[in-house]
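Inside the fold
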Amino acid sequence: MRIIDLILLLNDFNRNNRVFVEIDKQKLAVVDLEVTAGGIYLKASSKLKGIKNWEFLLLLNKKDYYELPLYYDDKKNHHQLFGFRVADDCILLG
């Protein structure tokens, strides 16, 4: 999923919803992101609360990022994220 597409979709949701990455039925809170030439990599934690939707949009909404793909990087490999769902007032990227 490109960043511009994600921004446009997330603008319709509650700005105070927390953002999570959902990998293998595990929910990890998004706490930061790392920008590289090849894409944007989400940093996640199981111990922290994570950022809210408005904070996430603020980090992503830069013109240079619009065409970049979104990834989640775990210790073994990285996964490209293609969408999200909303459950229990949480935005779950997957």
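Read on for a plain summary of the structure. (Residues numbered from 1 in each chain as written. Predicted model: local features only at pLDDT ≥ 70, side-chain atom pairs only at ≥ 80, totals over all residues. Heavy atoms only, no water.)

A short note on the nonpolar core
Within the largest apolar cluster, 24 residues are counted, with the highest numbers of intra-cluster contacts made by Leu42, Phe56 and Leu93. Of all elements in the fold, only α1 (3-10), β1 (18-23), β2 (26-36), β3 (39-45), α2 (53-60), β4 (70-73) and β7 (90-93) reach the threshold of two or more residues within this core. Considering each element in turn, this core owes the most residues, four residues, to α1. Every residue in contact with Phe56, bar those within four places of it in the chain, is listed here: Leu6, Leu10, Val19, Val30, Leu33, Leu42, Ile51 and Leu93. (Core = buried A, V, L, I, M, F, W, Y, C linked by side-chain atoms within 4.5 Å. Buried < 20%, exposed > 50% of the residue type's maximum accessible area, 1.4 Å probe, protein only. Helix = DSSP H or I, 4+ residues; strand = E, 2+ residues; numbered from the N terminus. Contact = heavy atoms within 4.5 Å.)

What about α2?
When α2 is considered as a whole, its buried residues turn out to be Asn53, Phe56, Leu57 and Leu60. Seen along its axis, α2 keeps its buried residues to an arc of 100°; they face one direction. (Arc of directions from axis to C-beta.)

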